[in-house]
Amino acid sequence: MKNYKLPVEGMTCASCVTRVEKIIGKFDGVKNVNVNLATESVSFETEKDIDINKIAEAVKEYGYQLRTDVLQNKEDASKEEETDSYYSELKKEFYFALAFTIPVFIISMLMGYDFFQTLFPLTQTQIEKVLFLLTTPVIFISGKRFYTSFWNNIKHFAFDMNSLVAIGTGAAYGYSTIAILFPEFFDVQPHVYFDTSVVIITLILMGKLLEHSSKRKTNTAVRKLLELQPKTARILIDGQEQEVNISDLKPGDIVVIRPGEKIPADGVIVNGASSVDESMITGESIPVDKTTGSKVVGGTINKYGTFNFKVTQTGEKSVLGQIIQLVENAQASKPPIQKLVDKIAAVFVPAVIIAALLTFFGWYIFSSDHSVGRALINFVAVLIVACPCALGLATPTAIIVGLGKGASNGILIKDSESIELAHKISVIIFDKTGTITEGKPSVKDIVTLNNFDKDKLLIYTASLEKKSEHPLAKAITDYSTNGNLFEPETFQSLTGFGITGIVNNKTVIVGNLNLMKEFSVATDEAEKIFDELSTKGNTIICTAIEGKLAGFIIIEDKIKPEAPEVIARLKKMNIKTVLLTGDNKSTAENIGAVAGFDEINAEVLPDQKVETVKKYQSIGESKIVAMVGDGINDAPALAQADLSIAIGTGADVAIETAQITLTGGKLTGVIKAINLSKSTIKTIKQNLFWAFIYNTVLIPLAALGMLNPMIAALAMSFSSVSVVTNSLRLKNRKLD
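Residues numbered from 1 in each chain as written. Predicted model: local features only at pLDDT ≥ 70, side-chain atom pairs only at ≥ 80, totals over all residues. Heavy atoms only, no water.

In the nomenclature of an unreviewed UniProt entry, the protein corresponds to P-type Cu(+) transporter from the organism Melioribacter roseus. The record held by UniProt for the protein lists under Subcellular location (unreviewed entry) the comment "Cell membrane". Database annotation for the protein, UniProt heading Sequence similarities (unreviewed entry): "Belongs to the cation transport ATPase (P-type) (TC 3.A.3) family. Type IB subfamily." (UniProt positions renumbered as here; feature names shortened; annotations may be inferred.)

Right, dumping it as structure tokens:
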């Protein structure tokens, strides 16, 4: 599948979103089309090579422009510049319209007063012709965008916000123009509505200007991430420092970093040491100490020392690149609540046009004076006040701000559906190692049996464990300071139980008590000691040499200090907490009791974790089960859960496995993610409420003649601005 994300110009409302999606979705091989009104972009996937220019031509027929030029000029196509050019054009049109609208409005308001007629001794017909001359440039220059879009749409029997504005202002202007050019068509001197046309166009342009300015603020999080990378880097070439452009960096380059500088790419320190501020990636404010061999992430800031590092990843493949891509993709996706809004928007504009026509004919036929002018004004008012701009912006603006807020707090969300789902969690399952515990097991003690020597037990165990990639194996090999380990002659891993092999011509079995029994190793006398050690929350590794139980290696993995508080807060949210581990029951129960879990599932093999998740999903139809794991070992269980959260694994790996990634590695991120979801959904509901209430209340008022079209235009413009402003409030919400 090939992914595209391109800017779309000319969209104004929720109806535009639905139309562009349908146009692009009709092409063979195109899937998952998502149009975002707030970012004015479209994303889609293709199964095969397609002619993107043909899609652009189809979109253009409806009055929209798909910016395919960014594909050829990706490096130079700054989103900021694109936005600024559109903003500048909008601003010119607004000020041009304003320059003509002010005199039109003043003349229209004052032309009936005696002092005005004294100052300007013109007949009413002459004054109306002046109004015509002042209005016409506004209609055909500033209003051109509305009429061009309307014409393109009408050719395909389609309607959007531009259609409503064009029909409304066009009807008022057309009626007024006929009235002054051909007065003989009317029995009495008709009233003209040039002021209505120009004021509506000017106010809507002003609203779009304010809305566009506000929308730019919603995406500051992604812009901040983009600004993290420096423009240049210093690399070592033949021992000499040379400054190069960031785009010229490649894996293998040695980069020199001094205090206060931004790190330009991902890499590994080859010499030197420092503390690095990784807050923009992890959300954690405390600098992280780095020494030779430590990984560094592009975009983070070196605080104190100087070091050289070897580049491993650059650009889109770096952690920062993946985070930016993840946030942008998530912002382009749609939560279920938005899909419902899109369905409503598809029929909304045609329904408004029918309502406006019924209003016109109703007033013309049933009013006592059968006034075309009054019917026209109410017709225009209904069209203008019903523009569904606020409806189209209600969800995407909140999603954009919410996802940006999450990214700056170390919460990376894969799609917007996840942000809608997180606040509905009823059961949350935690993996133990690396999630509830520190994930850095260390040897606490060694207990020998049957007169075995402690050093001998450690050497034989460590010799076999050095072939294993299990975290517990690393703890044992790190503890073994004796470098004289044997090279195993054979090695076999038994998933979920342990390992076996031949070391120094002796059969060695390392694993849990069940493995000992499986190989008929006598454990009766040792089980009491094993149980006593296990009750203290330790992991006990058994070692048998030549069929005899040689002893136990006691390993501890300290519980994260914030775990009890996080579990307690989840309980207050009425969320059931479950501990899931492959460890023995005693260890699990001890850690579960300290942390305060509701339920504990111990001695669960990797392939059984999926079944455990399914078990909780089957309890009640409305249960939303979340799984919190490390994003690698727990991949199947994470995939099975309704919502998957990866914690403390590094964004480059976790992005591929979980719907939500907590890059900071702290359990408090789970609380933050749920609170972020609650705040975002609350904001979306507020936005939709005001958008729907606005239309529900004001359309009938307009139809009943109780709303002036100019007031309708002002209200419509500010409704969009209010929705975006409400979404921006999310930036200041506390997630703790």
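Further notes follow.
A. Local environment of the pattern of salt bridges. Applying the stated criterion across every chain, the model contains 17 salt bridges. Put simply, K290 and E278 hold a salt bridge, and the shortest N to O gap is 3.0 Å. Here E278 lies in the loop between strand 9 (274-277) and helix 11 (279-282) and K290 lies in strand 10 (residues 288-290), a separation of 12 residues in the sequence. Side by side, K290 and E278 carry an identical accessibility label, which is buried. The network of salt bridges with shared partners includes R234, E241, R258 and E261. (Salt bridge = Lys/Arg side-chain N within 4 Å of Asp/Glu carboxyl O. Helix = DSSP H or I, 4+ residues; strand = E, 2+ residues; numbered from the N terminus. Buried < 20%, exposed > 50% of the residue type's maximum accessible area, 1.4 Å probe, protein only.)

B. How the structure looks around the sheet that holds strand 1 (residues 2-9). A sheet is described by the order of its strands in space; here 4 strands give the open sequence 2-3-1-4, paired in antiparallel fashion. The sheet terminates laterally at strand 2 (30-36) and strand 4 (65-66), the two strands that pair on one side only. Of the pairings in the sheet, the one linking strand 1 to strand 3 (residues 41-46) comprises 6 bridges and is antiparallel in character. Note on strand 3: the bridge partner recorded for L6 is V42. Sitting on the sheet, helix 12 (residues 319-332) is in contact with strand 1, strand 2 and strand 3, with an inclination near 85 degrees to strand 2. (Pairing = 2+ DSSP bridges. Contact = heavy atoms within 4.5 Å. Axes fitted to C-alpha atoms, helices over the stretch in contact; angles between N-to-C directions.)

C. Quick look at the nonpolar core. In terms of nonpolar packing, the biggest core is built from 143 residues, with F430 and L570 touching the most fellow members. Of the residues forming this core, the biggest block, 13 residues, is contributed by helix 27 (residues 668-703). Beyond its immediate sequence surroundings of up to four residues, F430 is in contact with T435, I436, I567, L570, V578, L579, L580, F597, V628, L667 and V670. By size, the runner-up hydrophobic cluster in this structure holds 19 residues, among which are L457, Y460, V510 and I555. (Core = buried A, V, L, I, M, F, W, Y, C linked by side-chain atoms within 4.5 Å.)

D. Structural view of the UniProt feature "domain: HMA" (unreviewed entry) in the protein. Mapped onto the present numbering, the UniProt feature "domain: HMA" (unreviewed entry) falls on residues 2-67. Secondary structure within residues 2-67 divides into 32% helix and 35% strand; the distance between the first and last C-alpha atoms comes to 17 Å.

E. Main features of the UniProt feature "transmembrane region" (unreviewed entry) in the protein. Mapped onto this numbering, the UniProt entry annotates "transmembrane region" (unreviewed entry) at residues 94-113, 125-143, 164-186, 192-210, 344-365, 377-404, 687-704 and 710-728. What you have in residues 94-113 is 85% helix and 0% strand, and the ends, taken at the C-alpha atoms, are 29 Å apart.

F. Quick peek at the sheet that holds strand 18 (residues 498-503). Taken together, 6 strands build an open sheet; the order of strands is 16-21-20-19-18-17 and the sheet is antiparallel. Looking at which strands have only one partner, the edges of the open sheet turn out to be strand 16 (442-448) and strand 17 (490-494). In this sheet, adjacent strand axes meet at a mean angle of 20 degrees when their direction is disregarded. Where strand 17 and strand 18 come together, 5 bridges link them in antiparallel fashion. Residue pairing for strand 18: T490 is matched across the bridge by I502.

G. Main features of the confidence of the model for the protein. Mean pLDDT over the protein: 85, with 93% of residues reaching 70 or higher. Averaged over each element, pLDDT in the protein is lowest for helix 26 (residues 651-657) (50) and highest for helix 22 (residues 563-572) (95). For the stretch residues 650-654, pLDDT sits under 50, and the model shows 12 contacts to residues farther than four places along the chain or on other chains. (pLDDT = per-residue confidence, 0-100.)

H. View of the packing of helix 22 against helix 27. Remark: helix 22 packs on helix 27, axes separated minimally by 9 Å, with the N-to-C direction vectors making an angle of 30 degrees. If you check the angle between helix 22 and helix 27, you find them roughly parallel. For the pair formed by helix 22 and helix 27, the contact residues are V566, R569 and L570 on the first element and T668, V670, I671, I674 and N675 on the second. Of the residues in the contact of helix 22 with helix 27, the class split is 5 nonpolar, 2 polar and 1 charged. (Parallel < 35°, antiparallel > 145°, perpendicular 65-115°, else oblique. Nonpolar A, V, L, I, M, F, W, Y, C, P; charged D, E, K, R; others polar.)

I. Molecular detail of the packing of helix 14 (residues 372-385) against helix 27. For the pair helix 14 and helix 27, the least separation of the axes is 8 Å and the interaxial angle reads 170 degrees. By the angle between their directions, the pair helix 14 and helix 27 is classed as roughly antiparallel. Between helix 14 and helix 27, the contacting residues are N378, A381, V382 and V385 on the first element and Y694, N695, L698, I699, A702 and A703 on the second. Tallied by class, residues from the contact of helix 14 with helix 27 come to 8 nonpolar, 2 polar and no charged.

J. Geometry of the environment of K60. Looking at the element boundaries, K60 is found in helix 2 (residues 52-60). Its relative accessible area of 60% is what places K60 among the exposed residues. Spatially, the C-alpha atoms of K60 and A715 are 30 Å apart, while their sequence positions differ by 655 residues.

K. Geometry of the packing of aromatic side chains. Across all of its chains, the model carries 18 aromatic pairs by this definition. When the centroid spacing of 5.3 Å and the interplanar angle of 85 degrees are considered together, the rings of F360 and F361 count as edge-to-face. By relative accessible area, which is 19% here, F360 ends up buried. The exposure class of F361 is partly exposed, given its relative accessible area of 45%. Between F360 and F379, the ring centres sit 5.9 Å apart and the planes meet at 75 degrees, which makes this aromatic pair edge-to-face. Separated by 19 residues along the polypeptide, F360 in helix 13 (residues 336-366) and F379 in helix 14 bring together distant segments of the chain. Pairwise contacts between aromatic rings join F132, F140, Y173 and F194 into one cluster. (Phe/Tyr/Trp six-rings, centres within 6.5 Å; stacked < 30°, edge-to-face > 60°.)

L. Main features of the domain arrangement of the protein. Taken domain by domain, the protein consists of domain 1 (2-69), domain 2 (82-221 + 329-399 + 684-731), domain 3 (250-313), domain 4 (411-436 + 560-663) and domain 5 (439-558). Placing a centre on the C-alpha atoms of domain 2 and another on those of domain 4 gives a separation of 51 Å. Across the contact, 7 residues belong to domain 2 and 7 residues belong to domain 4. Summed over the three residues of domain 2 that lose the most area to domain 4, namely A330, P336 and I399, the buried surface amounts to 56% of that side. (Domains from an automatic or database assignment. Buried area = accessible area lost by both parts, 1.4 Å probe.)

M. Structural context of the side chain of T395. Within the element layout of this structure, T395 appears in helix 15 (residues 389-408). Its relative accessible area of 1% is what places T395 among the buried residues. If sequence neighbours within four positions are ignored, T395 has contacts with P335, I337, Q338, I684 and L688.

N. Up close: the pairing of strand 25 (residues 643-647). For strand 25, the buried fraction is high: 5 of the 5 residues fall into the buried class. Of the two faces of strand 25, the one holding L643, I645 and I647 and the one holding S644 and A646 are both buried throughout. With 3 bridges joining them, strand 25 and strand 26 (residues 660-662) adopt parallel strand pairing. Along strand 26, the bridge assignment pairs A646 with T661.

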